[in-house]
Amino acid sequence: MNLRTGSRVGIGFWIILATLIAALVAGNALSAYSRNQRVDGLETINDKWVLVTTMKSALLEAAIDMRNIALQSDIRAMKKGGDRVRAQQQRYSDARNKFEAIGLSDAEKKIVSDITQLDKEIESPLLEAMSQAFAFNNDTAANPFDHHRSAASAGIN
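Predicted, not measured: the structure shown is a model, and the values here were computed from it.

The rules behind these values
Each chain carries its own residue numbering, running from 1 in the written order of its sequence. For this predicted model, a pLDDT threshold of at least 70 governs which residues receive local features, and a threshold of 80 or more governs which side-chain atom pairs are given and counted, while totals over whole chains, interfaces and linings are taken from all residues. Hydrogens are left out, water is left out, and the side-chain values use all remaining heavy atoms of the structure. Put simply, DSSP marks the helices as runs of H or I at least four residues long and the strands as runs of E at least two long, and each gets a number from the N terminus on. Contacts are assigned to residue pairs with any non-hydrogen atoms lying within 4.5 Å of each other. A 1.4 Å probe and the Shrake-Rupley method give the accessible areas. Residues count as covered only by the protein chains that appear here. We define a salt bridge as a contact between a side-chain nitrogen of Lys or Arg and a carboxyl oxygen of Asp or Glu at a distance within 4 Å. Throughout this description, buried means an accessible area under 20% of the type-specific maximum (1.4 Å probe, protein chains only), exposed means over 50%, and partly exposed covers the range between. The span you would expect from a helix comes to 1.5 Å times its residue count less one.

Draft legend 1. Structural view of the overall build of the chain. In terms of helices and strands, the chain carries 5 helices and 0 strands. For the chain, the succession of helices and strands along the chain, N to C, is α-α-α-α-α. Contacts spanning at least 24 positions in sequence make up 57% of the contacts within the chain whose residues lie at least 6 apart. Carbon and sulfur atoms provide 60% of the accessible area of the chain, an area that totals close to 11,500 Å².

Now the structure itself:
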């Protein structure tokens, strides 16, 4: 090539400038992708956290309503308590379904499976306790849970 020195320096300058611009654009694109991935991950974590706290709240409120059923002396109040328990159970179930729909890790699947199993185990004693409470047999209304309470205590120790 018969280019003068100034032309060669100019071409080199523009090549280096184009390389820097390409590196800057590529870096910005990768940074934006990484940022979007982090935001998506944080949104998923936040959604899961909201659903888990909803599930926990529904379980606790249902437990309180179950306990209060046995303390009532009016059938209408007991039925309202039963309706509140069912509403909380539905709220829990809806939150659990949304939680599962988000996508779970293996550890989360195991925890949800364990909770579902405990729900199934407690269902018949709960119905028995509620029928005892509706029969105003408050002394034995809590007895169906004694076995589960002692089993849970044994599992903790």
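Let us keep going from here.
Draft legend 2. Spotlight on the pattern of salt bridges. Going through the model one piece at a time under the given rule, you end up with 5 salt bridges. The partner of Glu108 in a salt bridge is Lys48, and the shortest N-O contact between them spans 2.9 Å. Residue Glu108 is located in helix α3 (residues 106–134), and its partner Lys48 is located in helix α1 (residues 5–71); the two are separated by 60 residues in the primary sequence. Residue classification places Glu108 among the partly exposed positions, given a relative accessible area of 22%.

Draft legend 3. Structural context of α1. Taking 1.5 Å as the rise per residue, α1 with 67 residues should run 99 Å; its terminal C-alpha atoms sit 98 Å apart, in good agreement. Within α1 the residues assigned to the buried category are Lys48, Leu51, Met55, Ala58, Ala62, Asp65 and Ile69.

Draft legend 4. The side chain of Gln88, seen in detail. Along the polypeptide, Gln88 turns up in helix α2 (residues 75–102). Ignoring sequence-local partners within four residues, the contact set of Gln88 consists of Ala58, Glu61, Ala62 and Asp65.

Draft legend 5. Highlighting α2. Taking 1.5 Å per residue, 28 residues should reach 40 Å; α2 reaches 41 Å between its end C-alpha atoms and fits that length. Along α2, the residues classified as buried are Met78, Gly81, Gly82, Val85, Gln88, Tyr92, Ala95, Arg96 and Phe99. Looking one or two residues past α2, Gly103 carries a phi angle of roughly 115°, positive in sign.

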